[in-house]
Amino acid sequence: VITTRRAHLYDGQRKAVERILAAVPDAIVISAAEPYDARLWPQARTAGCIYGDDALAFAACADVLSGVVPARGTLPVALP
């Protein structure tokens, strides 16, 4: 699982995720804090968005990834 935070603003973070996905195509990309990073890597097989970067947001994300609860959210913005 790769977690990003505002990679759409930081070229180094974006490139690092590209390298990881090239090496591990099944890696899951989680965009924390805001959803805009989710569109940066169309090659990602699985991507998700959480709207925070605190312990509660990551605990909820872990619950979804482990199947404890279903993902029910919707994006509050349109991503091109």
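Structure: above.
Residues numbered from 1 in each chain as written. Predicted model: local features only at pLDDT ≥ 70, side-chain atom pairs only at ≥ 80, totals over all residues. Heavy atoms only, no water.

Peer 1: With reference to specific residues and values, describe the side chain of Glu34.
Peer 2: Mapped onto the fold, Glu34 is located in the loop between strand 2 (28-32) and strand 3 (46-49). Glu34 gets classed as buried once you look at its relative accessible area, which sits at 16%. Here the side chain of Glu34 touches Arg6 through a polar contact of 3.3 Å, side chain to side chain. Not counting the four nearest positions on each side in its chain, Glu34 is found in contact with Arg6, His8, Ile50 and Tyr51. (Helix = DSSP H or I, 4+ residues; strand = E, 2+ residues; numbered from the N terminus. Buried < 20%, exposed > 50% of the residue type's maximum accessible area, 1.4 Å probe, protein only. Polar contact = N/O pair within 3.5 Å; in protein donor to acceptor, adjacent residues only side chain to side chain. Contact = heavy atoms within 4.5 Å.)

Peer 1: Can you break down the sheet that holds strand 1 (residues 2-5) residue by residue, with the values?
Peer 2: Taken in spatial order, the 3 strands of this open sheet run 1-2-3, and their pairing is parallel. Looking at the sheet topology across the chains shown, the edges are occupied by strand 1 and strand 3. If you compare each strand with its neighbour and ignore which way they point, the axes differ by 20° on average. Two elements, strand 1 and strand 2, share 4 bridges in a ladder whose sense is parallel. In the sheet register, Ile2 faces strand 2, and the bridge partner there is Val29. Strand contacts of helix 1 (residues 11-23): strand 1 and strand 2, with the helix running at about 165° to strand 1, the strand carrying the most contacts. (Pairing = 2+ DSSP bridges. Axes fitted to C-alpha atoms, helices over the stretch in contact; angles between N-to-C directions.)

Peer 1: Describe the environment of Val1, naming the residues involved and giving the relevant values.
Peer 2: By the element assignment, Val1 lies in the segment before strand 1. Linking Val1 and Ala47, residues 46 residues apart in sequence, is a C-alpha distance of 9.5 Å. Leave out the neighbours within four places in its chain, and Val1 touches Ile28, Ile30 and Leu65.

Peer 1: Describe in detail the pattern of salt bridges, supporting the description with residues and values.
Peer 2: On inspection of all chains with the given rule, the structure shows 6 salt bridges. Arg14 serves as the salt-bridge partner of Asp11, at 2.2 Å between the closest nitrogen and oxygen. Of the two residues, Asp11 and Arg14 are both situated in helix 1; the distance of 3 residues between them amounts to about one turn of the helix. Accessibility expressed as a relative area gives 39% for Asp11, which makes it partly exposed. A relative accessible area of 23% places Arg14 in the partly exposed class. One network of salt bridges, in which partners are shared, links Asp11, Arg14, Lys15 and Glu18. (Salt bridge = Lys/Arg side-chain N within 4 Å of Asp/Glu carboxyl O.)

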